[in-house]
Amino acid sequence: MGATTAGAPRRWSPFAPLAAALNARTARWMRRRQGVDQLPVVLERRRLYILPTRAGLAFSALLFLMLLAGLNYANSLALFLTFLLTGFVLVVMQQCHRNLLGTEVVAGIAPAVFARSTGALQLTLGNTLDVPRLHLEARLPQGALRAVDLPARTRLRLELPLAAPARGVVRIDRVRLSTAQPFGLFRAWTWVHTPITLLVYPHPHGALPMPADSARHTGTRPHAGAGADEWLGLRPFRDGDSPRQVDWKAYAREAPLLVKEYVHGASELRLFEFSQLAHLDQEARLSQLARWVVDAEAHGERYGLLLPGVRLLPDRGPEHRHRCLAALALFGLAEAPV
Amino acid sequence: MRTPAAPPESAGAPLRPLLWACAAFAGGVLLHADRVPPWATAVALLLVLWRLLSAQRSRLPGATARALLALALLAVVLVRFHTLNGLAAGTTLLLLMAGLKLLETRAARDQCVMVGAGLFLLLAACLDRQELARTPLYGLQAWLCSFRGSPALSGQFRAAISR
């Protein structure tokens with residue numbers, strides 16, 4: 001029952017540091033015992049843990065009282081009732097274990113987000129049994145908790161929200177999967193130790209105008225067209241391409257969707273340089289650069305990025321945007337890129 | 001009890017677990033209907049009715065009202081039985097106090113308590129009389145408390161285990 005109240009502020013307790021130390025120790029022990037998991041993982045018997053919940057403990061205490069009363073009054077019916085309920089509890093324990101056993105953890109990914117927003121760990125769970133699995137809960141050490149019912153022979157995706165306050169990398173070392181179903185008397189759980197990183201781009205912010213034609217100074221422009229666009233060729237359509245650049249005549253001839261590519265004139269080739277923004281502090285510079293990258297991509301322009309130690313040549317498209325923003329996110333951090 | 005500001009039934013709180021907890025408790029009350037004084041049975045059933053009606057209108061009595069009611073009922077039991085010990089007085093007290101507890105059921109935990117009270121009433125009935133003819137009644141009550149009364153039980157699992 002503890003997990004369901006995890007979001008609420010806990011009451012102060014003198015044993016809190018002790019419990020935290022014990023939890024950390026247990027976590028290290030489990031990590032050593034299980035090793036790193038390569039997804040997909042099928043939850044097998046050896047790695048499931050099960051303990052009674054608070055309701056289960058209370059029920060056990062009730063059973064003990066009933067046993068005492070039955071013995072005290074030498075009453076067969078009361079004893080029979082006690083043993084019947086004890087059997088019920090034991091079956092519930094088995095059912096709770098079975099509810100989690102054999103669940104597939106198919107995939108876990110965390111798509112990159114901008115700082116000051118909320119990212120998500122997308123966890124895909126699978127059920128290969130012919131019976132549904134009820135109320136499986138997934139929880140991050142950071143506190144997010146989501147529950148899902150897995151119908152028979154299905155896969156479902158869960159989204160666990162994850163706060164992304166500042167640029168950089170949020171590491172998720174482990175995810176807890178647990179269930180208290182049926183009846184909530186026992187809780188079976190396991191930790192999936194799979195290293196997942198959430199890349200957090202800098203918050204795109206800043207009102208400075210985009211530098212125009214900075215390519216002229218550095219000489220990275222591929223062609224020296226005299227201001228006019230130069231025909232380069234056709235390439236397959238990518239998401240985010242402007243409909244105006246699509247070669248509709250070719251499409252009408254039942255060719256695939258092609259995009260006419262030009263080398264743009266000087267005014268549309270942007271190069272964003274870290275050193276241009278010397279009057280701002282580092283985070284503000286990165287935010288401004290991120291703003292320009294986002295805007296330039298939205299306008300379908302070609303842009304490059306120059307950071308100390310990083311040089312990304314002008315290009316465009318979602319992959320290029322990700323490369324640029326990732327370079328900004330990881331700038332100055334010791335973390336290796338994903 | 002803990003958070004007076006919280007509404008008794010949040011918007012998504014399911015009514016069904018409450019219904020089953022009430023049923024488990026009412027079953028326990030009815031098992032004793034011919035042994036405890038009629039007024040005690042009537043009060044306990046009235047409390048169940050009160051809880052069910054307030055679930056519709058989202059209003060429950062406050063802490064002071066509950067405390068006053070508890071004291072008054074305790075006094076009545078003392079006056080009638082001249083003791084709180086023994087099976088008859090103890091059962092009556094359990095009926096009334098569990099009925100009062102029903103008025104502050106908010107979370108699943110409180111409903112577990114109600115189911116526990118139902119089980120204890122069943123035990124008291126077993127101690128009181130163990131004629132063969134009453135066994136089906138006891139069995140019914142045990143089923144209500146264990147299988148149906150559990151707040152965590154969802155309809156899907158019943159479908160799964162009945163296959």
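Residues numbered from 1 in each chain as written. Chains lettered and ligands numbered in written order. Predicted model: local features only at pLDDT ≥ 70, side-chain atom pairs only at ≥ 80, totals over all residues.

1. Structural notes on the overall build of chain B
Thought 1: Within chain B one finds seven helices and zero strands.
Thought 2: In sequence order, the secondary structure elements of chain B are arranged as α-α-α-α-α-α-α.
Thought 3: The buried share of chain B, taken over its 163 residues, is 35%.
Thought 4: Contacts spanning at least 24 positions in sequence make up 75% of the contacts within chain B whose residues lie at least 6 apart. (Helix = DSSP H or I, 4+ residues; strand = E, 2+ residues; numbered from the N terminus. Buried ≥ 20, exposed ≤ 12 C-beta atoms within 10 Å, placed from the backbone. Contact = placed C-beta atoms within 7 Å.)

2. Observations regarding the interface of chain B and chain A
Thought 1: Chain B puts 17 residues into the contact, and the matching count from chain A is 23 residues.
Thought 2: Secondary structure elements with two or more residues in the side of chain B that touches chain A: α5 (108–128), α6 (135–148) and α7 (155–162) of chain B.
Thought 3: By residue number, the principal contributor to the side of chain B that touches chain A is α5 of chain B, which donates seven residues.
Thought 4: Considered class by class, the residues forming the side of chain B that touches chain A number 11 nonpolar, six polar and no charged. (Nonpolar A, V, L, I, M, F, W, Y, C, P; charged D, E, K, R; others polar.)

3. What to know about the environment of C112 of chain B
Residues and elements named next belong to chain B.
Thought 1: Inspection of the secondary structure puts C112 in helix α5.
Thought 2: Assessed through the 28 C-beta atoms surrounding it within 10 Å, C112 is described here as buried.
Thought 3: For the pair C112 and P17, spaced 95 residues apart in sequence, the C-alpha to C-alpha distance is 9.8 Å.

4. Overview of the nonpolar core
Thought 1: With 93 residues, the main nonpolar core has L81, V293 and L328 of chain A together with F25, L121, L122 and L123 of chain B as its most contacted residues.
Thought 2: For this core, the element with the highest residue contribution is α5 of chain B, accounting for 12 residues.
Thought 3: If you count residues domain by domain, this core takes at least three from each of domain 1 (17–201) and domain 2 (215–229 + 264–329) of chain A.
Thought 4: Excluding residues within four positions of it along the chain, L81 of chain A makes contact with M66 of chain A together with L122, L123, C126 and A142 of chain B. (Core = buried A, V, L, I, M, F, W, Y, C linked by C-beta atoms within 7 Å. Domains from an automatic or database assignment.)

5. Description of helix α1 (residues 16–34) of chain A
Side chains three or four residues apart in an α-helix point the same way, a direct result of the helix having 3.6 residues per turn.
All names here are of chain A.
Thought 1: The terminal C-alpha atoms of α1 lie 27 Å apart, and with 19 residues this matches the ideal 27 Å at 1.5 Å per residue to within 8%.
Thought 2: Counted residue by residue, α1 has zero buried out of 19 residues, so it is predominantly exposed.
Thought 3: Two residues or fewer past α1, G35 is found with a positive phi of approximately 75°. (Expected span 1.5 Å × (residues − 1).)

6. So, the pairing of strand β6 (residues 133–139) of chain A
Residue and element names in this part refer to chain A.
Thought 1: Summarising burial for β6: seven of the seven residues are buried, a large majority.
Thought 2: Where β6 and strand β7 (residues 145–150) come together, five bridges link them in antiparallel fashion. Bridging from a neighbouring strand, E137 pairs with A147 of β7.
Thought 3: Between the end of β6 and the start of β7, which pair antiparallel, lie five residues, with G143 showing a positive phi angle near 120°.
Thought 4: Looking at chain direction, β6 and strand β10 (residues 175–179) are connected through three bridges and run antiparallel. Across the sheet, the residue bridging to E137 is S178, located in β10. (Pairing = 2+ DSSP bridges.)

7. Considerations on the packing of helix α1 (residues 16–31) of chain B against helix α2 (residues 38–57) of chain B
All names here are of chain B.
Thought 1: Viewed as axis vectors pointing N to C, α1 and α2 meet at an angle of 175°, and their least axial separation amounts to 10 Å. In terms of orientation, α1 lies roughly antiparallel with respect to α2. Residues L18, C22, F25, A26 and V29 of α1 pack against T41, A44, L45, V48, R51, L52 and A55 of α2.
Thought 2: When the residues that make up the contact of α1 with α2 are grouped by side-chain class, the tally is 10 nonpolar, one polar and one charged. (Axes fitted to C-alpha atoms, helices over the stretch in contact; angles between N-to-C directions. Parallel < 35°, antiparallel > 145°, perpendicular 65-115°, else oblique.)

8. So, the domain arrangement of chain A
All names here are of chain A.
Thought 1: According to the domain assignment, chain A contains domain 1 (17–201) and domain 2 (215–229 + 264–329).
Thought 2: With centres defined by C-alpha atoms, the gap from domain 1 to domain 2 works out at 46 Å.
Thought 3: Taken together, the contact between domain 1 and domain 2 spans six residues of the former and seven residues of the latter.
Thought 4: Of the residues forming the side of domain 1 that touches domain 2, the biggest block, three residues, is contributed by strand β12 (residues 196–201).
Thought 5: In terms of residue class, the side of domain 1 that touches domain 2 is made up of four nonpolar, one polar and one charged.

9. Thoughts on the environment of V192 of chain A
Residue and element names in this part refer to chain A.
Thought 1: Mapping V192 onto the fold places it in strand β11 (residues 186–192).
Thought 2: Spatially, the C-alpha atom of V192 lies 11 Å from that of V106, the residues being 86 residues apart in sequence.
Thought 3: Beyond its immediate chain neighbours, meaning those up to four positions away, V192 contacts D37, V41, V105, R174, V175 and L177.

10. Digging into the sheet that holds strand β3 (residues 104–109) of chain A
Residue and element names in this part refer to chain A.
Thought 1: One open sheet holds the four strands; their spatial order is β1-β3-β5-β8, and the pairing between them is antiparallel. Two strands lie at the open edges of the sheet, namely β1 (41–42) and β8 (154–164), each paired on one side alone.
Thought 2: Of the strand pairs in this sheet, β3 and strand β5 (residues 117–127) are connected by five bridges, and their pairing is antiparallel. Each bridged residue has a counterpart across the sheet, and for A107 the counterpart in β5 is T124.

11. What about the sheet that holds strand β9 (residues 168–172) of chain A?
Strands belonging to one sheet form pairs held by backbone hydrogen bonds; the direction of such a pair is parallel or antiparallel.
Residue and element names in this part refer to chain A.
Thought 1: Sheet architecture is open: three strands sit in the order β4-β12-β9, paired in mixed fashion. Two strands bound the open sheet, and with one partner strand each, they are β4 (113–114) and β9.
Thought 2: The pairing of β9 with β12 spans five bridges and is classified as antiparallel. The partner of V170 across the bridge, within β12, is L198.
Thought 3: Each of β9 and β12 is contacted by helix α7 (residues 318–329), which is oriented at about 90° to β12, the strand it contacts most.

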